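# Fold and geometry: a report
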Amino acid sequence: MTKVGVLALQGDFAEHLQALGKLKVETREVRLPRDLEGLGGLIIPGGESTSMARLMDIYELRGPLKERVREGMAVWGTCAGMILLARRLVEDRPEPLGLMDIEVRRNAFGRQVDSFEADLVIPALGDKPFHAVFIRAPVITQVGPQAQIMAALKDGRAVAARQGRMLGTAFHPELTEDLRFHRHFLKMVRSRAE
Ligand code: GLN
């Protein structure tokens, strides 16, 4: 059976574990490099990307994580997790992992509207709009040739992207009851199409 890890250094990893539990997936909390062994996929949760990056460095996770993704482990970052997956940030900090061919701007919605919800049409998930929760959310400011935009706000700003077996969402599917994004990621984990 496919095991899916959730990076459990900081942020809302418990909610992701709960969602995966509802889908009867075997899960593992990832804190140390050895926790990555044998995982089919990894979720990097929402939280604070600077703290998460600092902890990844302290636990010496960066190298092994990138290595596992290169070997075919699927990865999905939500919010701060997507910030960490980016190739480049508009801001100087933190240093992202540079795995996805996207540029991301942190806290893109400013202080006044730092949290909001929106119904997104996401063809990959079917006809029913996905109710997305944004909390001090980033946006995708550039998409390189390797990545595809999966979802955008009405004003056109990109908030989800996919690249091969990697997925980034600016919002938090783990905070709603709609499990379609988690199911979609599991399909990516299970399809070792290469
Ligand atoms: N604003 C946070 C950051 O820059 C991300 C917020 C979130 O993950 N909900 O890291």
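For clarity, every value in this text was computed on a predicted model and none was experimentally measured. (Residues numbered from 1 in each chain as written. Predicted model: local features only at pLDDT ≥ 70, side-chain atom pairs only at ≥ 80, totals over all residues. Heavy atoms only, no water.)

Next up on the list: the overall build of the protein chain. Counting its regular elements, the protein chain contains five helices and twelve strands. Against the globule reference of 16 Å for 194 residues, the protein chain gives a C-alpha radius of gyration of 15 Å, in line with a compact fold. Its C-alpha atoms give the protein chain principal-axis dimensions of about 40 × 40 × 30 Å. Taken over 194 residues, the protein chain has a buried fraction of 55%. Counted over contacts in the protein chain with a minimum sequence separation of 6, partners at least 24 positions apart contribute 63%. Looking at the protein chain as shown, the accessible area adds up to about 9000 Å², and 48% of this sits on carbon and sulfur atoms. Averaging the locations of the 28 positively and 25 negatively charged side chains of the protein chain gives two centres separated by 2 Å. (Helix = DSSP H or I, 4+ residues; strand = E, 2+ residues; numbered from the N terminus. Rg over C-alpha atoms; globule rule 2.2 N^0.38 Å. Buried < 20%, exposed > 50% of the residue type's maximum accessible area, 1.4 Å probe, protein only. Contact = heavy atoms within 4.5 Å. Areas by Shrake-Rupley, 256 points an atom, 1.4 Å probe, with all protein chains shown as cover. Lys, Arg positive; Asp, Glu negative; His and termini not counted. Charge placed at Lys NZ, Arg CZ, Asp CG, Glu CD.)

To continue, consider the site of the ligand. Neighbouring the ligand are Gly 46, Gly 47, Glu 48, Ser 49, Cys 79, Ala 80, Ile 83, Arg 106, Asn 107, Ile 135, Arg 136 and His 172. In the model, an oxygen atom of the ligand is placed 2.9 Å from a nitrogen or oxygen of the Gly 47 main chain. Here a nitrogen atom of the ligand and a backbone polar atom of Arg 136 are 3.0 Å apart. (Near = heavy atom within 4 Å. Polar contact = N/O pair within 3.5 Å; in protein donor to acceptor, adjacent residues only side chain to side chain.)

For a regular strand, side chains alternate in direction, first toward one face of the sheet and then toward the other. Burial of the side chains of strand S3 (residues 41–44) extends over both faces: Gly 41 and Ile 43 are buried on one face and Leu 42 and Ile 44 on the other. Pairing geometry for strand S1 (residues 3–7) and S3, over three bridges, is parallel. Its bridge partner lying in S3, Gly 5 is registered against Leu 42. Bridging between S3 and strand S4 (residues 74–78) involves four bridges; their strand directions are parallel. Within S4, the position partnered with Leu 42 by the bridge is Val 75. (Pairing = 2+ DSSP bridges.)

Below, the discussion takes up helix H3 (residues 62–70). Within H3 the residues assigned to the buried category are Arg 62, Leu 65, Arg 68 and Val 69. Angularly, the buried residues of H3 cover 135° about the axis, an arc narrow enough to put them on a single face. Looking at the buried positions of H3, the neighbouring elements they touch are S3, helix H2 (49–58), S4 and strand S12 (166–169). Where H3 terminates, the next one or two residues include Gly 72, which has phi positive at roughly 120°. (Arc of directions from axis to C-beta.)

Secondary-structure assignment places Thr 176 in the loop between S12 and helix H5 (180–190). Residue Thr 176 is classed as buried on the basis of its relative accessible area of 16%. A polar side-chain atom of Thr 176 sits 3.1 Å from the main-chain carbonyl oxygen of Pro 173. If sequence neighbours within four positions are ignored, Thr 176 has contacts with Phe 130, His 131 and Val 133.

Take H5 next. Summarising burial for H5: eight of the eleven residues are buried, a large majority. Arg 180, Phe 181, His 182, His 184, Phe 185, Leu 186, Met 188 and Val 189 are the residues of H5 that are buried.

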